[in-house]
Amino acid sequence: MPSTPIPALSVVVMTYNEEINLPRCLESVKGLGEEIFVLDSFSTDRTLDIARQFNARVEQHPFGSYVEQKKRLVDKAAHDWVFCIDADEYLSDELRKSILSVKAKNKFDGYFNNRRNKIGDRWINHGSWYPDRKIRLFDRRLVKITGQDPHDVMTPEKGARIGHLKGDLLHLADENFESRRQKNEKHSTRAAEALFNNGVKPSLFRQYIKPAARFFSSYFLRLGFLDGYYGWFVAKSEAQYVRMREEKLKVRRKKVELNKE
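Scoring rules and cut-offs
Residues numbered from 1 in each chain as written. Predicted model: local features only at pLDDT ≥ 70, side-chain atom pairs only at ≥ 80, totals over all residues. Heavy atoms only, no water. Axes fitted to C-alpha atoms, helices over the stretch in contact; angles between N-to-C directions. Helix = DSSP H or I, 4+ residues; strand = E, 2+ residues; numbered from the N terminus. Left-handed = near helix turned anticlockwise from the far one by under 90°. Nonpolar A, V, L, I, M, F, W, Y, C, P; charged D, E, K, R; others polar. Buried < 20%, exposed > 50% of the residue type's maximum accessible area, 1.4 Å probe, protein only. Arc of directions from axis to C-beta. Contact = heavy atoms within 4.5 Å. Parallel < 35°, antiparallel > 145°, perpendicular 65-115°, else oblique. Polar contact = N/O pair within 3.5 Å; in protein donor to acceptor, adjacent residues only side chain to side chain. Patch = residues over 30% accessible without salt bridge, like charges linked within 9 Å, V, L, I, M, F, W, Y side chains within 5 Å. Areas by Shrake-Rupley, 256 points an atom, 1.4 Å probe, with all protein chains shown as cover. Salt bridge = Lys/Arg side-chain N within 4 Å of Asp/Glu carboxyl O. Pairing = 2+ DSSP bridges. Right-handed = clockwise from strand over helix to strand, strands pointing away. Disulfide = S-S within 2.5 Å.

A.B. asks: Outline the packing of helix 5 (residues 177-197) against helix 7 (residues 228-260), listing residues and values.
C.D. replies: At their nearest, the axes of helix 5 and helix 7 sit 8 Å apart, and the two run at 35° to each other. You can see that helix 5 and helix 7 cross each other, and the crossing is right-handed. The class makeup of the residues in the contact of helix 5 with helix 7 is twelve nonpolar, five polar and nine charged.

Dropping the structure here:
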């Protein structure tokens, strides 16, 4: 398969009040692309000042949903090739070198990489959190943003060729266990609403079997137990997220039915 350079690359970041994380993120991608583009949801801290210190092009748009905002972010990039990174993520040295390498000699339409997640001061090495494979470097003409709020997914078009980048995308997932619980509460609400809007109906299977299956997969099948207590916590957190989502879907559906009576 012949190789050709990627003509130009936009590094794109979605932000809201990210003054703590953004410097680390932007420092790791400095010089990687021909532009850094930040789409902000009207931050009230120093996020915009920090972005401009890194010579980023900045626009603002109200936040509606994760999926729609990510689509908007990619669509507004100056170049067709984009690298998507969240403000609480940053590149390992190996991943940065891999991206620079394929920029010079590219054979694919997009690339996935492993994401390594961290709680507090502990990196997670197994379970559903590693390898957490994501497509982040891609040609937006051949990879589209899909998914269901709050989880966006980069989906290749039929026939698109997807390669693999060596190195980890490092993700500061949570400051502590409590912040993980708070994130579950927030995201499960959004996910339940998305399921409801898509016509999904609650069931005993969804409410009881799916959470148990999520725990079993993360802790046993994907070797989460090798991370000790943290592996158990991640697996339990994954199961709790599913259970909360399904319970909220059930409540949402019940309210609609009661209003019809």
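There is more to say, and it comes next.
A.B. asks: Any chance you could break down helix 1 (residues 22-29) for me, citing the residues and the numbers?
C.D. replies: For helix 1, the complete set of buried residues consists of Leu22, Cys25, Leu26, Ser28 and Val29. Looking straight down helix 1, one finds that the buried residues subtend no more than 160° of arc, so they occupy a single side. Summarising the contacts, the buried residues of helix 1 are in contact with strand 1 (9-15), strand 2 (35-40), helix 2 (47-53), strand 5 (89-91) and helix 4 (93-104). Immediately downstream of helix 1, the backbone of glycine 31 shows phi near 80°, a positive value.

A.B. asks: Got a sec to walk through the packing of helix 6 (residues 204-221) against helix 7? Specific residues and values, please.
C.D. replies: Remark: helix 6 packs on helix 7, axes separated minimally by 8 Å, with the N-to-C direction vectors making an angle of 160°. On the basis of the axis angle, helix 6 is roughly antiparallel to helix 7. Taken as a pair, helix 6 and helix 7 cross one another with a handedness that is right-handed. Taken together, the residues of the contact of helix 6 with helix 7 sort by class into nine nonpolar, three polar and ten charged.

A.B. asks: Describe the side chain of serine 128, with residues and values.
C.D. replies: Following the sequence through the fold, serine 128 ends up in the loop between strand 7 (122-123) and strand 8 (132-139). There is a polar contact of 3.2 Å between the side chain of serine 128 and the side chain of serine 218. Beyond its immediate sequence surroundings of up to four residues, serine 128 is in contact with Ser218, Arg222, Val234 and Glu238.

A.B. asks: Explain a nonpolar patch on the surface to me, using residue names and the numbers behind them.
C.D. replies: A contiguous nonpolar patch, built from Phe216, Phe220, Leu221, Leu223, Phe225 and Leu226 and spanning about 580 Å² of accessible area, is present on the exposed surface. Tracing the backbone shows phenylalanine 220 in helix 6. Taking relative accessible area as the criterion, phenylalanine 220 reaches 39% and is therefore assigned partly exposed.

A.B. asks: Give me the pairing of strand 1: which residues, what numbers.
C.D. replies: Counting buried residues in strand 1 gives seven out of seven residues, a clear majority hidden from the surface. Burial of the side chains of strand 1 extends over both faces: Leu9, Val11, Val13 and Thr15 are buried on one face and Ser10, Val12 and Met14 on the other. Here four bridges tie strand 1 to strand 4 (residues 81-84), and the two strands are oriented parallel to one another. Across the sheet, residue serine 10 finds its bridge partner in strand 4, namely valine 82. The pairing of strand 1 with strand 2 spans six bridges and is classified as parallel. Pairing of valine 13 across the sheet is with valine 38, part of strand 2. Assessed by its sense of winding, the connection that carries the chain from strand 1 through helix 1 to strand 2 is right-handed.

A.B. asks: I'd like a description of the state of the cysteines, backed by residues and values.
C.D. replies: Throughout the structure, instances matching the rule amount to zero disulfides. Of all cysteine sulfurs in the structure, the one in cysteine 84 sits closest to cysteine 25, which takes part in no disulfide; the separation is 11 Å.

A.B. asks: Can you break down the environment of leucine 226 residue by residue, with the values?
C.D. replies: In this fold, leucine 226 is placed in the loop between helix 6 and helix 7. Here leucine 226 falls in the partly exposed class, since its relative accessible area comes to 48%. With 88 residues separating them along the chain, leucine 226 and phenylalanine 138 place their C-alpha atoms 33 Å apart.

A.B. asks: Quick one: what's the story with the pairing of strand 10 (residues 151-156), residue by residue and with numbers?
C.D. replies: Residues in a regular strand point their side chains to alternate faces of the sheet. Both strand 9 (residues 143-148) and strand 10 contribute to a ladder of six bridges, which runs antiparallel. In the sheet register, glutamine 148 faces strand 10, and the bridge partner there is histidine 151. Counted along the chain from strand 9 to the antiparallel partner strand 10, the turn is two residues long.

A.B. asks: Tell me about the pattern of salt bridges, residues and numbers included.
C.D. replies: Considering all chains together, one arrives at 28 salt bridges under this definition. Close ionic contact of lysine 70 with aspartate 86 constitutes a salt bridge, the shortest N to O distance being 3.9 Å. Of the two residues, lysine 70 is situated in helix 3 (residues 66-75) and aspartate 86 in the loop between strand 4 and strand 5; the sequence distance between them amounts to 16 residues. Look at lysine 70 and you get buried, because its relative accessible area is 3%.

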